[in-house]
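# Commentary on secondary and tertiary structure
Here is how the chains run, residue by residue.
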Amino acid sequence: MSSYTLSKIIPSECLLGESPIWHSDRQSWIWTDILGNCVYELPFGKSFPPKKLPLTQMVTNISVLIDDKVLVTSESSIAVLSLNTGEFENKITIPHAVNMRCNDGVIGPDGALWFGTMKKDPDENSGQILRYDLGKELSVVGNNIGIPNTFVWLSNNEILISDSYSRTIYIVKKEGQTLNWENKRVWAQYSAPGTPDGGILDKRKNLLIAVWGQSCVQIRNESSVMSEIKCPMPHVTACTIGGPESNYLFVTSARHGLTNEELKLAPDSGNCLIFKLG
């Protein structure tokens with residue numbers, strides 16, 4: 001079992017920090033503050049604070065493309081964002097109501113973007129799972145989800161998708177260019193206050209999953225939680241592995257939903273954490 005030692009706390013005070021990625025071309029960590037309408041970038045080994053890129057719209061999910069370009073989902077579109085200029089190149093508009101927004105997602109083994117939508121004021125079944133074949137078509141591959149999260153591919157044909165509203169991680173089969181969503185199976189069930197959020201596979205194919213409300217990133221498989229990486233804030237949101245030798249874990253968090261009293265007890269809420277893997 002790998003060990004994780006807290007190396008750095010990155011001051012960012014995100015309202016809702018999410019979607020951390022390692023950009024190997026730029027040798028930097030990148031993440032979004034969904035409710036703060038900005039994207040952050042921290043070159044590896046550089047001093048604080050991170051570069052803050054204010055935006056004209058929310059970014060909910062980030063995937064690496066090339067050079068300074070990343071593919072993002074926003075409130076109601078998929079776009080290419082320039083990290084150098086902050087300019088958006090809209091690729092496709094999501095045809096949903098104004099009370100909806102995009103949420104988590106990932107580029108899959110097939111090269112398509114698989115992502116979810118949700119109500120801004122979440123309920124149990126208004127969200128969808130969608131697939132965007134880059135530069136081509138957008139299709140709905142799943143319905144009736146509350147808060148879609150995680151989006152971790154276990155293989156070319158199986159994906160883990162969480163519904164944070166119901167505190168459930170599902171395993172879903174891919175069939176062609178769609179998902180067999182109706183026959184999804186419960187992979188892990190959580191109870192309050194813990195809620196599964198963003199995750200990543202480690203080199204042993206275990207799931208590292210940020211648990212909102214439980215101050216930790218769990219290392220787990222389907223049958224059990226093997227260990228927990230403790231974090232100094234209750235609302236841990238997502239994590240990724242990166243660095244030049246892929247031996248660091250980067251964790252985002254949120255201030256949103258905490259009272260002033262809770263923020264006094266956890267002043268690092270909204271900041272990011274970097275753990276060294278041993």
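We now turn to the structure provided with this report.

So, how was this worked out
- Residues numbered from 1 in each chain as written.
- Predicted model: local features only at pLDDT ≥ 70, side-chain atom pairs only at ≥ 80, totals over all residues.
- Heavy atoms only, no water.
- Pairing = 2+ DSSP bridges.
- Helix = DSSP H or I, 4+ residues; strand = E, 2+ residues; numbered from the N terminus.
- Axes fitted to C-alpha atoms, helices over the stretch in contact; angles between N-to-C directions.
- Buried < 20%, exposed > 50% of the residue type's maximum accessible area, 1.4 Å probe, protein only.
- Contact = heavy atoms within 4.5 Å.
- Phe/Tyr/Trp six-rings, centres within 6.5 Å; stacked < 30°, edge-to-face > 60°.
- Lys NZ or Arg CZ within 6 Å of the ring centre and 35° of its normal.
- Salt bridge = Lys/Arg side-chain N within 4 Å of Asp/Glu carboxyl O.

### Digging into the sheet that holds strand 5 (residues 51–54)
Spatial ordering of the open sheet is given by 2-3-4-5, a layout of 4 strands whose pairing is antiparallel. Strand pairing shows two members of the sheet lacking a second neighbour, strand 2 (17–23) and strand 5, which therefore form its edges. The average angle at which neighbouring strand axes cross in this sheet is 20 degrees, direction not considered. Of the strand pairs in this sheet, strand 3 (residues 28–33) and strand 4 (residues 38–43) are connected by 6 bridges, and their pairing is antiparallel. Bridging across to strand 4, Trp-31 finds its partner in Tyr-40.

### As for the environment of Phe-151
Within the secondary structure, Phe-151 is located in strand 14 (residues 148–155). Looking at Phe-151, the relative accessible area reads 2%, which means it is buried. C-alpha of Phe-151 to C-alpha of Met-58: the two residues are 93 residues apart in sequence and 20 Å apart in space. Contacts of Phe-151, omitting those with residues within four sequence positions, involve Asp-104, Gly-105, Val-106, Trp-114, Phe-115, Gly-116, Ile-129, Ile-159, Leu-160 and Ile-161.

### Overview of the packing of aromatic side chains
This structure, assessed with the given rule, holds 8 aromatic pairs. Ring centres of Trp-22 and Phe-44 lie 5.9 Å apart, and the angle between their planes is 85 degrees; this geometry places the pair in the edge-to-face category. Of the two residues, Trp-22 sits in strand 2 while Phe-44 sits in the loop between strand 4 and strand 5, which places them 22 residues apart along the sequence. A relative accessible area of 14% places Trp-22 in the buried class. Taking the centre distance of 6.1 Å and the plane angle of 65 degrees together, the rings of Tyr-170 and Trp-181 count as edge-to-face. With Tyr-170 in strand 16 (residues 168–175) and Trp-181 in the loop between strand 17 (178–179) and strand 18 (185–189), the pair connects residues that are 11 residues apart, well separated along the chain. With respect to burial, Tyr-170 and Trp-181 carry one shared label: buried. Put simply, the rings of Trp-22, Trp-29, Trp-31, Tyr-40, Phe-44, Tyr-248 and Phe-250 pair up and form one aromatic cluster. Sitting over the ring of Tyr-170, Lys-184 keeps its end group 5.2 Å from the ring centre.

### Brief notes about the pattern of salt bridges
Tallied over the entire structure, the rule returns 9 salt bridges. Taking the shortest distance from any N to any O, the salt bridge between Asp-110 and Arg-131 comes out at 3.1 Å. Taken together, the positions of Asp-110 in the loop between strand 10 (100–107) and strand 11 (113–119) and Arg-131 in strand 12 (residues 127–132) put the pair 21 residues apart, joining distant regions of the chain. A salt bridge links Asp-123 to Lys-119; the shortest N-O distance between them is 3.7 Å.

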